[in-house]
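The lines below spell out each chain.
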Amino acid sequence: MRFSVRAFLPENRHWSATSWEFAILSVFLPNALYLAMMIYFCPIRNFQIGLLAMSVLLGTVLGRWSFYLVMLFVMSLDALLVASSYFQMPLAMFFDATKFVSTLRVQHSAMYIMVFGAVIMCFFATNVVVQRAKRRRSEMSLYPFAFCVMLMVFADALANTTPQKMQEVISVAVDPFSAVDDTATTYADLEIVVTSSKQPNLLVVIVEGLGAFSNSESQDLVWGPLLEKVSSRYDVFTGNVLYAGSTSTAEIRELCNLFADYRDLRDIEHLDCLPNRAKEAGYETAAFHAFTGQFFERIHWYPKIGFENTFFLENRAGLNEHVPISHCGTTFRGMCDADVARSVEAFLLSDSSGAKFAYWLTLNSHKPVGRHEVPDRLNCWNGGVFDDQELCRMAEHWLNISHLVSDIAMNPSLRDTEILLVGDHQPPLFTRHGRRQFQEERVAWLHLKPRNPSEKQFDLATSNPTFFTR
């Protein structure tokens, strides 16, 4: 079928009601969901807005089913690009990660169901407008349409360009395995710790979604028990570091001091990382996570960086089968972090005179956050001190991790243990108000260093029936 631009440019109908109706509806409807999100927060979409505009124009000359295929492809791509930017993942990584969808429970999230339903409604509403315009092409001009597209692009750029978008660009541009010096493990001197003669235990905790608050009072609220309950036994150091990318990138940043993600480790058998150095120095190493080890292929690359024991949802995170456990989360449904904390503590207390390196990646503060899974300490029903209900519920999970770690730290049977907590990336919050409460491009860390460490580490003679290591 031939396409004639002149059919859209009648000399005296540039500003006709028909032209404006088509322009406004054909630009508004395919972007309606994201316009609604802009009230709170939406990743920048200049490229997708242009693609949708081109698809709408093609729809006026293509057959109905051909248009369906084009629009379905473009709207699906749009949704994937938005999700990729929203969760701060490079596009190639996001597409690769779609194979893990079967491990998620997307249908258990009312938010994701509503978003999917809104996209479907926008698709069919756009089709109605395009099919009507197809019958009235001779009555319309492209000028109002072009004006509305440019206005949409301008509004999107004005409202949605963020530092997080710049971080996404940085994460794509940096070469894999580039050295990273701005890390919490570097500031805590953990490489020196594992090679020291005293060899204390080591516990590294990466806290899901924990950024660096702009307000020190908010940060202290989350660290709470780690600033108050442990002061008699530990010196406390805090700070923040630069982040880029998503969780697996953060793990490799802290454990290997490299910029990479799980895809980069597929063809590598061994990587010179902190766990491998600890293992070579005589430490027993173990990694803990409440979700499936298949996600981001952790079950495959954790051993490559030095973890000889790996504990995931599949093996109850190391807890004996007779020990009752609970499950938490909606889309990311796994064990509760409180149960994993029991397993981490049991590993550190297990009957051995050798030093231990425990790594714990938390889960339950991952969006969407489940309700009533941790104690109500912050009165989040009205947004709490953050004036943002979503942020407050995540903060309750972060605070709960602080309580769990402080309980481990203050266990009187625990040998001298260096403890480090650090965030992986900023929380992907829905509201600008929530996002503005965090420092740009930074995540927080906290280091507990034993005060007056023992001259000689003691051997625990008791066995722990709640935990297995083989």
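Residues numbered from 1 in each chain as written. Predicted model: local features only at pLDDT ≥ 70, side-chain atom pairs only at ≥ 80, totals over all residues. Heavy atoms only, no water.

Draft legend 1. Layout of helix α16 (residues 337-349). Across its 13 residues, α16 extends 18 Å between first and last C-alpha, which sits within 8% of the 18 Å expected from 1.5 Å per residue. Most of α16 sits out of view: ten of its 13 residues are buried. All buried positions along α16 are accounted for by D337, D339, V340, A341, S343, V344, A346, F347, L348 and L349. Packed against the buried residues of α16 are β2 (201-207), β5 (284-289), β6 (309-311), β8 (334-335), β9 (356-361) and α17 (389-409). (Helix = DSSP H or I, 4+ residues; strand = E, 2+ residues; numbered from the N terminus. Expected span 1.5 Å × (residues − 1). Buried < 20%, exposed > 50% of the residue type's maximum accessible area, 1.4 Å probe, protein only. Contact = heavy atoms within 4.5 Å.)

Draft legend 2. Structural view of the state of the cysteines. Enumeration according to the criterion identifies three disulfides in this entry. The disulfide bridge from C256 ends at C273, spanning 2.0 Å between sulfur atoms. Taking the torsion about the sulfur-sulfur bond, which here is approximately 95°, the covalent link between C256 and C273 counts as right-handed. One end of the pair, C256, is in helix α13 (residues 247-256); the other, C273, is in the loop between β4 (258-259) and α14 (274-280), with 17 residues separating them in the sequence. Note on C256: relative accessible area 7%, which makes it buried. One disulfide bridge connects C328 with C336, the sulfur atoms lying 1.9 Å from each other. (Disulfide = S-S within 2.5 Å.)

Draft legend 3. Main features of the sheet that holds strand β11 (residues 442-450). Within the open sheet, the seven strands sit side by side as β3-β11-β10-β2-β9-β5-β6. Their pairing is mixed. The outermost strands of the open sheet, each flanked by one partner alone, are β3 (234-242) and β6. Going across the sheet, the axis of each strand differs from the next one's by a mean of 15°, ignoring polarity. Here five bridges tie β2 to β9, and the two strands are oriented parallel to one another. Directly across from L202, in β9, lies its bridge partner F357. Contacts from helix α11 (residues 216-223) reach β3, β10 (417-423) and β11, with the element oriented near 50° to β11. Taken strand by strand, α16 contacts β2, β5, β6 and β9, and its axis lies near 175° from that of β9. (Pairing = 2+ DSSP bridges. Axes fitted to C-alpha atoms, helices over the stretch in contact; angles between N-to-C directions.)

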